[in-house]
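Residue-level structure breakdown
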Amino acid sequence: MTLRRVVTIEDPLSKSTILSDGPIPRSTAFQHVPGFVTSLAWATDAQASVPAAPRDAAANTSSWVPEPGGTCLLVITFPPDSVYQADEFNPEAAGAEHAAVLPGLAERFEPDNPGMHTTDTIDYGVVLEGSIVLELDGGKQIAFGKHDIVVQQGTRHAWRNPGNEPATVLFVLVGAQRRPPG
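Notes on the structure follow. Since this is a predicted model, take the numbers as computed values, not measurements.

Turning our attention to the overall build of the chain. Regarding its fold elements, the chain presents three helices and 11 strands. The order of helices and strands in the chain, counted from the N terminus, is β-β-β-β-α-β-α-α-β-β-β-β-β-β. Relative to a compact globule of 182 residues, whose C-alpha radius of gyration would be 16 Å, the chain shows 17 Å and is just as compact. Projected onto its principal axes, the C-alpha coordinates of the chain cover approximately 60 × 45 × 30 Å. Considering only contacts in the chain between residues 6 or more positions apart, those separated by 24 or more positions represent 65%. Total accessible area on the chain stands at roughly 10,600 Å², and carbon and sulfur atoms take up 54% of it. Side-chain charges of the chain comprise 12 positive and 21 negative groups, with the mean position of each set lying 7 Å from the other.

What follows is the structure, encoded as structure tokens:
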């Protein structure tokens, strides 16, 4: 799936105009996880203001997890879980690729619980294509289909695709402060 991204700004005369129109430049089809595609479409920092500077914020961000008050717009295609169970799947190579492509996010994945992770973010997710399962603590699973929406509030979770087709989900991550338990 090729995603088109249009970014608007104000010109020096305060007139709206187009900064860019084309494919998302920070998009990766993983080599070691066939069918896994990640796209960082946009990001803002905690001090975002408008009119914005004429720059590609997604290209300039160093983390796929925003700081408190910042945001990241992600589109992720999850391959079927069978990809991870194939004889040729190499978890070490896949882990290294995740670390290289997904800074700030990859290190949050739990080594002893593949896929499980926690971020200090409020996440809005919308399933664009396919179906996918959200796994929470205790193995609780919730199935989502096309156009279903999830709001995650800093919860530990993993995404599973037990089906035979890829699932594509759009996420908006909003950086948040984690309160101490209790």
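Turning our attention to the nonpolar core. Core analysis: the biggest nonpolar cluster contains 29 residues, and Leu-74, Phe-78, Leu-102, Ile-132, Trp-159 and Phe-171 have the highest contact counts within it. Breaking this core down by element, the ones donating at least two residues are β4 (37-44), β5 (71-78), α3 (91-101), β7 (132-135) and β11 (167-175). Setting aside chain neighbours within four positions, we find Phe-78 in contact with Gly-35, Phe-36, Ile-132, Trp-159, Asn-161, Pro-166, Ala-167, Val-169 and Phe-171.

Reading guide: rules and limits
Residues numbered from 1 in each chain as written. Predicted model: local features only at pLDDT ≥ 70, side-chain atom pairs only at ≥ 80, totals over all residues. Heavy atoms only, no water. Helix = DSSP H or I, 4+ residues; strand = E, 2+ residues; numbered from the N terminus. Rg over C-alpha atoms; globule rule 2.2 N^0.38 Å. Contact = heavy atoms within 4.5 Å. Areas by Shrake-Rupley, 256 points an atom, 1.4 Å probe, with all protein chains shown as cover. Lys, Arg positive; Asp, Glu negative; His and termini not counted. Charge placed at Lys NZ, Arg CZ, Asp CG, Glu CD. Core = buried A, V, L, I, M, F, W, Y, C linked by side-chain atoms within 4.5 Å. Buried < 20%, exposed > 50% of the residue type's maximum accessible area, 1.4 Å probe, protein only.

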